[in-house]
Amino acid sequence: DRSPSRGLGDVYKRQVFYDHIREAAEQSGQSMDEVFQKVESFGIKGIEIEDKVLMEEEEKIFKLLQNHDMEVSCIYGFFDYSHGNDLQRGFDLIDFADDHSIKKIMIIPGFLTDREWKLAFLRNRCVKKMITGLNILSKYAKDNGIQMVLEDFDDAPAYYKDAAGLKFFLAHVDGLKCAFDTGNFLYSEEDSFEVLPEFLGKIGHVHCKDRTFEVKKGETPKATVKGREMYSSPVGSGCIQMKEIVEKILASGYDDYFAIEHFGSCQQLQDIETSAAWLNQFKTGGCIDD
């Protein structure tokens with residue numbers, strides 16, 4: 001029996017980004033309900049979704065989730081605490097999560113302009129503002145039983161785009177945990193397997209993002225800081241050491257969601273199925289089921 005859940009028990013759960021499901025429906029011409037049904041059959045139990053989308057389509061999305069025995073595993077949102085001090089939207093996001101029994105949020109706190117990167121006093125001021133905002137929100141989230149996480153965001157304006165920047169935020173925001181994105185360190189030309197030990201014990205969420213340098217027709221690549229063009233890949237099919245990373249994270253005691261992520265794919269439904277099948281190989285002990 002090679003059913004999706006065999007050998008996994010409740011050690012960890014698989015999720016996928018809601019945007020991938022929506023793109024899969026658009027690409028295949030199927031309804032959202034049909035795609036959700038297939039995604040459910042792959043052994044996927046949760047979705048990760050942007051706050052604005054979930055709040056705008058709340059009734060529709062929660063109905064789909066209820067019909068397919070799935071849940072919102074994490075809500076993420078983009079904020080600008082590097083320049084502003086509007087904490088209310090952050091409080092609103094946490095309240096929304098609390099009202100819907102969603103236990104994890106990821107707040108992207110802001111970005112720096114080219115000028116702010118060049119001038120230390122401006123850069124430091126922006127980083128301090130982001131950390132101040134995140135500390136306030138992290139405490140409020142914790143008081144409501146919600147875990148706040150931050151990922152290695154793969155874009156030049158993000159102070160937390162590499163291991164050093166992300167570690168700085170983890171060290172200065174009380175209660176914040178790492179959303180370890182396996183593919184985003186490559187943007188900064190870092191090896192995610194090599195930097196993983198620096199984050200073990202601090203991981204509160206995992207994005208399983210694989211990448212490839214093989215050209216994929218019809219897909220827009222993302223360039224690394226050295227100009228190498230990366231394309232999306234189903235989990236386990238690209239250049240990232242996914243097997244070793246997943247095994248080490250599971251061995252560390254992590255037992256929460258692993259998110260399937262391949263933004264930009266032109267064949268989302270096929271890639272979701274391939275990614276889920278790869279993740280479904282892991283035994284309860286955290287090793288591949290040969």
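Basis of the calculations
- Residues numbered from 1 in each chain as written.
- Predicted model: local features only at pLDDT ≥ 70, side-chain atom pairs only at ≥ 80, totals over all residues.
- Heavy atoms only, no water.
- Helix = DSSP H or I, 4+ residues; strand = E, 2+ residues; numbered from the N terminus.
- Rg over C-alpha atoms; globule rule 2.2 N^0.38 Å.
- Buried < 20%, exposed > 50% of the residue type's maximum accessible area, 1.4 Å probe, protein only.
- Areas by Shrake-Rupley, 256 points an atom, 1.4 Å probe, with all protein chains shown as cover.
- Pairing = 2+ DSSP bridges.
- Salt bridge = Lys/Arg side-chain N within 4 Å of Asp/Glu carboxyl O.
- Axes fitted to C-alpha atoms, helices over the stretch in contact; angles between N-to-C directions.
- Parallel < 35°, antiparallel > 145°, perpendicular 65-115°, else oblique.
- Contact = heavy atoms within 4.5 Å.
- Nonpolar A, V, L, I, M, F, W, Y, C, P; charged D, E, K, R; others polar.
- Right-handed = clockwise from strand over helix to strand, strands pointing away.
- Arc of directions from axis to C-beta.
- 1 Å grid on protein atoms, 1.4 Å probe; cavity = no way out; pocket = protein on both sides within 12 Å on 5 of 7 lines; lining within 4 Å.
- Points joined across faces, edges and corners; volume = space filled by probe spheres on them.
- Lys, Arg positive; Asp, Glu negative; His and termini not counted.

Chemist: Sorry if this is basic, but what is going on with the overall build of the protein here?
Modeler: Of regular secondary structure, the protein possesses 11 helices and 11 strands. Since a compact globule built from 290 residues should have a radius of gyration of about 19 Å, the 18 Å found for the protein is in line with a globular shape. When the backbone C-alpha atoms are referred to their principal axes, the protein occupies close to 60 × 40 × 40 Å. Scored against the burial criterion, the 290 residues of the protein give a buried share of 50%. Of the roughly 13000 Å² that the protein leaves accessible, carbon and sulfur atoms contribute 47%.

Chemist: Just to check I follow, could you spell out the sheet that holds strand β9 (residues 222–223) for this structure?
Modeler: The strands making up a sheet associate through hydrogen bonds between their backbones, and the pairing can be parallel or antiparallel. Spatially, the three strands line up as an open sheet ordered β8-β10-β9, and their pairing is antiparallel. Each end of this open sheet is capped by a strand with a single partner; those strands are β8 (210–212) and β9. As judged from the three bridges shared by β8 and strand β10 (residues 229–233), these two strands associate in the antiparallel manner. Each bridged residue has a counterpart across the sheet, and for T212 the counterpart in β10 is Y231.

Chemist: Teacher, can you tell me more about the pattern of salt bridges here?
Modeler: It is possible for side chains bearing opposite charge to pair when their charged atoms get close. Scanning the entire structure with this criterion turns up 16 salt bridges. The salt bridge involving E57 is made with R22; its shortest N-O contact spans 3.4 Å. Here E57 is found in the loop between α3 (51–56) and α4 (58–67), whereas its partner R22 is found in helix α1 (residues 18–28), with 35 residues between them in sequence. Note that E57 and K60 form a salt bridge whose closest N and O atoms lie 3.5 Å from each other. Judged by relative accessible area, K60 falls into the partly exposed class, the value being 43%. Several salt bridges converge on common partners, so that one network encompasses D154, D181, K209, R211 and E261.

Chemist: Teacher, can you tell me more about the sheet that holds strand β3 (residues 71–78) here?
Modeler: Taken in spatial order, the eight strands close into a barrel running β1-β2-β3-β4-β5-β6-β7-β11, and their pairing is parallel. Ignoring strand direction, the axes of neighbouring strands in this sheet form an average angle of 30°. Relative to strand β6 (residues 177–181), strand β5 (residues 147–151) is paired through three bridges, and the arrangement is parallel. By the bridge assignment, E151 is partnered in β6 with A179.

Chemist: Got a minute to help me understand the packing of α1 against helix α11 (residues 268–279) in this structure?
Modeler: Two measures define how a pair of helices packs: the angle their axes make with one another and the distance between the axes. Where α1 meets α11, the closest approach of the two axes is 8 Å, and the angle between their N-to-C directions is 130°. As the angle between them shows, α1 and α11 are arranged oblique. For the pair α1 and α11, contact is made by H20, I21, E23, A24 and Q27 and by Q268, L269 and I272, respectively. Taken together, the residues that form the contact of α1 with α11 break down as four nonpolar, three polar and one charged.

Chemist: How should the pairing of β5 be read in this particular structure?
Modeler: Regular strands place their side chains on alternate faces of the sheet. Along β5, four of the five residues are buried, which leaves the element largely enclosed by surrounding structure. For strand β4 (residues 104–108) and β5, the ladder comprises three bridges, and the chain directions are parallel. What sits directly across from K104, in β5, is Q147. This β-α-β element, β5 to helix α8 (residues 163–172) to β6, shows right-handed connectivity.

Chemist: Can you walk me through α4 in this structure?
Modeler: Since the α-helix packs 3.6 residues into each turn, any two residues three or four apart lie on the same face. Within α4 the residues assigned to the buried category are I61, L64 and L65. Angularly, the buried residues of α4 cover 100° about the axis, an arc narrow enough to put them on a single face. The exposed residues of α4 that point more than 90 degrees off its buried face are E59, K63 and Q66. Considering only its buried residues, α4 is in contact with α1, α2 (32–41), β2 (46–50), α3 and β3. A positive backbone phi angle near 50° is found at D69, which sits one or two residues after α4.

Chemist: I keep staring at the layout of surface pockets and nothing clicks. Help me out?
Modeler: Empty space among the atoms becomes apparent when a probe as large as a water molecule is rolled across them. Of the volumes computed, that of the largest pocket is approximately 400 Å³. Along its surface, the largest pocket is lined by 26 residues, and D154, K209, R211, E261 and F263 are the ones closest to its centre. At the level of secondary structure, the elements contributing two or more residues to the lining of the largest pocket comprise β3, β4, β8 and β10. Here the lining of the largest pocket gets three residues from one element, more than from any other, and that element is β10. Class assignment of the residues belonging to the lining of the largest pocket gives a composition of 10 nonpolar, six polar and 10 charged.

Chemist: Looking at this structure, how should I read the side chain of E116?
Modeler: Inspection of the secondary structure assignment puts E116 in helix α6 (residues 114–118). Despite its burial, E116 remains without a salt bridge, the nearest opposite charge being carried by R125 at 6.0 Å. Discounting chain neighbours no more than four positions away, the residues touching E116 are H83, F111, L122, R123 and C126.

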